[in-house]
Amino acid sequence: MMQLYIVNKNYSTWSMRPWLVLQAFKLPFEEVMIPFAADPYTGEFKRRIQAVHDNAKVPVLQDGDLVIWDSLAICEYLAEQFPNHALWPQDRAQRAWARSICAEMHSSFSHLRSLCSMNIQADFSAHGAMLWQQHAELRAEVARIERIWASREQATQFLCGEFSIADAFFAPVVTRFKTFQLPVSVETQQYMDLVLQHPAMKKWVEAALQEATVVGMEQYRR
Ligand SMILES: N[C@@H](CCC(=O)N[C@@H](CS)C(=O)NCC(=O)O)C(=O)O
């Protein structure tokens, strides 16, 4: 049985992505939660995850003797291991687009990431309004994400029709937009609702809401 090492569901965008893929496609896996303590970057968390892989970050997937780290590498590995499930879309052009937007998500949007950390439990709408006013880079990144989502073929469907790795990659953005109440379009909100209603996403959010740890890096609690 594959094991996926993750950290607190309330905070961990990177853990969320492969977990959603495994869950959405009902792939057999065991979740291994190594929770952040109040200080996420030292102590017990680091010691335990370093024993799994020297990169010492989550997510990590262990499949027998194989250890795969990094969320995108894990999703690629799963797509290769389970070719009968359309983890990537079957259509070649859609697959190329899906891979491009996932790579873009993986390597860009630094302002959104640093200003609007994922925090499923919180309501940072007031802070979000202030950030929106003050940071043109944030507005530009959100606009780019809205254009990506708007370019899907069907407004009532996921990015490539059925739920795929592409949606899992943008799922943490959905929660950030919600937590910070960023002023997005009706079409964007429609996509967000679709993602939030997916059974795998609902399961993750429910578990995140149960978590009690508030980490030191968290700046503004409601
Ligand atoms: N690019 C990596 C990012 C992994 C990452 O930064 N994980 C965070 C948790 S969300 C972590 O382990 N942080 C602990 C640390 O940086 O010490 C991926 O896609 O997996």
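An unreviewed UniProt entry lists the protein chain under the name Glutathione S-transferase, from Acinetobacter gandensis.

Caption draft 1: Representation of the domain arrangement of the protein chain in the model. As assigned here, the protein chain comprises domain 1 (2-85) and domain 2 (92-207). Taking only C-alpha atoms into account, the centre of domain 1 sits 21 Å from that of domain 2. On the domain 2 side, the residues contacting the 22 residues of domain 1 number 25 residues. Here domain 1 and domain 2 share an interface that buries about 2,100 Å² over both sides, 72% of which is from carbon and sulfur atoms.

Caption draft 2: Examining unusual backbone geometry more closely. Here Val58 and Pro59 are connected by a cis peptide whose omega angle stands at 5 degrees. In this structure, Lys26 is a non-glycine residue whose phi angle is positive, near 55 degrees. Among the secondary structure elements, Lys26 is positioned in the loop between α1 (13-24) and β2 (29-33). In this structure Lys26 comes out as exposed when scored by relative accessible area, which is 72%. Phi is positive for Asp70, close to 90 degrees, though the residue is something other than glycine. You can see Asp70 is positioned in the loop between β4 (66-69) and α3 (71-81).

Caption draft 3: Examining the site of the ligand more closely. Residues in close proximity to the ligand total 11 residues, the closest being Ser12, Lys46, Val58, Ser71 and His106. The separation between a nitrogen atom of the ligand and a polar main-chain atom of Val58 is 2.8 Å. In isolation the ligand has 510 Å² of accessible area, and contact with the protein removes 81% of it. Looking at the shell around the ligand residue by residue, the class counts come to five nonpolar, three polar and three charged.

Caption draft 4: Representation of the pairing of β4. Taken together, the four bridges between strand β3 (residues 60-63) and β4 define a ladder with antiparallel strand orientation. Note on β4: the bridge partner recorded for Asp63 is Leu66. Between β3 and the antiparallel strand that follows it, β4, lie two residues; Gly64 among them carries a positive phi value of about 60 degrees.

Caption draft 5: Up close: the environment of Leu4. Summarising the element assignment, Leu4 is placed in strand β1 (residues 2-6). On the accessibility criterion, Leu4 (0% relative accessible area) is buried. C-alpha of Leu4 to C-alpha of Trp19: the two residues are 15 residues apart in sequence and 7.4 Å apart in space. Apart from the residues lying within four places of it in its own chain, the contact partners of Leu4 are Ser15, Pro18, Trp19, Leu22, Phe29, Glu30, Glu31, Val32, Pro59, Val60, Leu61 and Ile74.

Caption draft 6: Just the sheet that holds β2, in detail. The sheet built from four strands is open, its strands ordered β2-β1-β3-β4 with mixed pairing. The sheet is open, and its two edges are formed by β2 and β4, each paired on a single side. With strand direction ignored, the average angle separating the axes of adjacent strands in the sheet is 20 degrees. Here β1 runs beside β2; their pairing, made up of five bridges, is parallel. Residue pairing across strands places Tyr5 opposite Val32, the latter belonging to β2. Together, β1, β2 and β3 form the strand contacts of α1, whose direction differs from that of β1 by roughly 150 degrees.

Caption draft 7: Just helix α8 (residues 165-179), in detail. Given a rise of 1.5 Å per residue, 15 residues ought to cover 21 Å, and the 22 Å separating the end C-alpha atoms of α8 matches this to within 8%. Taken as a whole, α8 carries its principal kink of about 35 degrees at Ala171; the proline Pro172 stands between one and four residues after it. In terms of residue burial, α8 counts as a mostly covered element, since 14 of its 15 residues are buried. Gln181 sits one or two positions beyond α8 and adopts a positive phi of about 50 degrees.

Basis of the calculations
- Residues numbered from 1 in each chain as written.
- Predicted model: local features only at pLDDT ≥ 70, side-chain atom pairs only at ≥ 80, totals over all residues.
- Heavy atoms only, no water.
- Domains from an automatic or database assignment.
- Contact = heavy atoms within 4.5 Å.
- Buried area = accessible area lost by both parts, 1.4 Å probe.
- Helix = DSSP H or I, 4+ residues; strand = E, 2+ residues; numbered from the N terminus.
- Buried < 20%, exposed > 50% of the residue type's maximum accessible area, 1.4 Å probe, protein only.
- Near = heavy atom within 4 Å.
- Polar contact = N/O pair within 3.5 Å; in protein donor to acceptor, adjacent residues only side chain to side chain.
- Areas by Shrake-Rupley, 256 points an atom, 1.4 Å probe, with all protein chains shown as cover.
- Nonpolar A, V, L, I, M, F, W, Y, C, P; charged D, E, K, R; others polar.
- Pairing = 2+ DSSP bridges.
- Axes fitted to C-alpha atoms, helices over the stretch in contact; angles between N-to-C directions.
- Expected span 1.5 Å × (residues − 1).
- Bend = angle between axes of the 7 residues up to and from the residue.

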